[in-house]
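Architecture and fold: a report
For reference, the chains in residue letters:
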Amino acid sequence: ADCRYTCHQECRSLVQLDCRRPGPCQSQLSPESTLLPPCSQNVTQTVEEEKREPLTVQEIKQKIEKYNTKVTNCLLMKLNDDGTYTGFIKVHLKLRRPVTVPAGIRPQSIYDALKEVNLADMTDKRTSFYLPLDAVKQLHISSTTTVSEVIQGLLKKFMVVDNPQKFALFKEMRKDGQVLFQKLPLTEYPLYLRLLAGPNTDVLSFVLKENETGEVEWDAFSIPELQNFLMILDKEEKEKIQQVQRKYEKFKQRLQQTLKEARGKPG
């Protein structure tokens, strides 16, 4: 309350406070009073499935009408006769590790998508590469589409053959200048969350990330995947070394040039 000291939940047992600044909190400070809330900046947590009363068809209709009045990109929601509804969500891909895809396979065409052709089944060869950081994919889904189905759909669109359990869908929110990430349960309905939050992606957006559960579970990767990781890391290491060498070679040249020009000058 006074010195604004904060710490992560995991650091709680390591904190030893020694507040010497006079103030009302001096005698009351303890590690418990300085913990950040579970969903503070840069902290992710799994969202417990909220026990909420199902909306009536009339309530859904009113929310959809209100949602559509705020839409500026024609990506409207549509209510069906059976009470379900369809709409669009955008998912940002923020994957730090490479993904595994079929080797030598052309991108999926509209014809393949309509015919539900699985190009990944056309070859046993695999390769790994990094997806563009913060790529965005737009999905047209139903109110009955779960997080699990969204993850599987994204992997299919990018022809990723990795186990879907390696990935998780997060909701990203901004509050008081902080960016909050919360991991969504597999049974959650993203379109319902989109409807409640409205179309403004600053209020709520969806992010696909690795399913981090602490340490990386390397047993979940196959031997070819691990070998590809080593190759990629080796390549990145060599590129980094060359980058550092070029940097200091240029600095050396500039330093030598400066010394050469200063030789004939007094002082």
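Residues numbered from 1 in each chain as written. Predicted model: local features only at pLDDT ≥ 70, side-chain atom pairs only at ≥ 80, totals over all residues. Heavy atoms only, no water.

Within an unreviewed UniProt entry, the label attached to the protein chain reads Ras association domain-containing protein 5, and the organism entered is Nyctibius grandis. Listed under Subcellular location (unreviewed entry) in UniProt, the entry text for the protein chain is "Cytoplasm, Cytoskeleton". (UniProt positions renumbered as here; feature names shortened; annotations may be inferred.)

Focus: the overall build of the protein chain
What the protein chain contains, in helices and strands, is five helices and nine strands. Ordered by position from the N terminus, the helices and strands of the protein chain form the series β-α-β-β-β-α-β-β-α-β-β-α-β-α. Counting only residues that meet the buried cut, the protein chain has 31% of its 267 residues in that class. Looking at the protein chain alone, contacts between residues at least 24 apart form 68% of all its contacts between residues at least 6 apart. (Helix = DSSP H or I, 4+ residues; strand = E, 2+ residues; numbered from the N terminus. Buried < 20%, exposed > 50% of the residue type's maximum accessible area, 1.4 Å probe, protein only. Contact = heavy atoms within 4.5 Å.)

As for helix 4 (residues 190-197)
Buried residues dominate helix 4, accounting for six of its eight residues. Among all positions of helix 4, only Pro190, Leu191, Tyr192, Leu193, Arg194 and Leu195 are buried. Looking at the buried positions of helix 4, the neighbouring elements they touch are helix 1 (57-70), strand 3 (85-93), strand 6 (135-142), helix 3 (147-157), strand 7 (167-175) and strand 9 (205-210). Gly198 sits one or two positions beyond helix 4 and adopts a positive phi of about 90 degrees.

Looking at empty space enclosed by the protein
Scanning all chains against the criterion turns up two cavities of 30 Å³ or more. Its volume calculated, the largest cavity comes out at about 70 Å³. Along its surface, the largest cavity is lined by Leu95, Arg97, Pro98, Val99, Asp162, Lys166, Phe167, Glu210 and Phe221. Of the residues in the lining of the largest cavity, the class split is five nonpolar, no polar and four charged. In this structure, the second largest cavity encloses a volume near 40 Å³. As for the second largest cavity, its lining consists of Leu93, Leu95, Val99, Leu131, Leu154, Leu155, Phe158, Val160, Phe167 and Leu208. Along the lines of polarity and charge, the residues of the lining of the second largest cavity split into ten nonpolar, no polar and no charged. (1 Å grid on protein atoms, 1.4 Å probe; cavity = no way out; pocket = protein on both sides within 12 Å on 5 of 7 lines; lining within 4 Å. Points joined across faces, edges and corners; volume = space filled by probe spheres on them. Nonpolar A, V, L, I, M, F, W, Y, C, P; charged D, E, K, R; others polar.)

A word on the packing of aromatic side chains
Counted under the stated rule, the structure contains zero aromatic pairs. One residue, Lys137, lies across the ring of Phe158, its end atom 5.8 Å from the ring centre. Note that Lys209 overlies the ring of Phe170, its terminal NZ or CZ placed 5.0 Å from the centroid. (Phe/Tyr/Trp six-rings, centres within 6.5 Å; stacked < 30°, edge-to-face > 60°. Lys NZ or Arg CZ within 6 Å of the ring centre and 35° of its normal.)

Overview of the packing of helix 1 against helix 4
One way to put it is that helix 1 packs onto helix 4 with a least axis distance of 9 Å and a crossing angle of 65 degrees. It follows from the interaxial angle that helix 1 and helix 4 lie roughly perpendicular. The two elements helix 1 and helix 4 meet at a crossing, and its hand is left-handed. Along its contact with helix 1, which presents Lys63, Ile64 and Tyr67, the element helix 4 presents Arg194, Leu195 and Leu196. (Axes fitted to C-alpha atoms, helices over the stretch in contact; angles between N-to-C directions. Parallel < 35°, antiparallel > 145°, perpendicular 65-115°, else oblique. Left-handed = near helix turned anticlockwise from the far one by under 90°.)

Quick look at helix 5 (residues 223-262)
Taking 1.5 Å per residue as the helical rise, helix 5 with its 40 residues ought to reach 58 Å, and the 59 Å between its terminal C-alpha atoms agrees with that figure. Considered for burial, the residues of helix 5 that qualify are Glu225, Phe229 and Ile232. As for helix 5, its buried residues are in contact with strand 4 (99-102) and strand 5 (126-129). (Expected span 1.5 Å × (residues − 1).)

A closer look at unusual backbone geometry
Leaving glycine aside, a negative phi is the common case for residues, and trans is the common case for peptide bonds. Positive phi is not limited to glycine here, since Cys74 has a value of about 70 degrees. Within the secondary structure layout, Cys74 lies in the loop between helix 1 and strand 2 (78-79). Residues other than glycine seldom take positive phi values, yet Met159 does so here, at roughly 55 degrees. With a relative accessible area of 15%, Met159 lands in the buried category.

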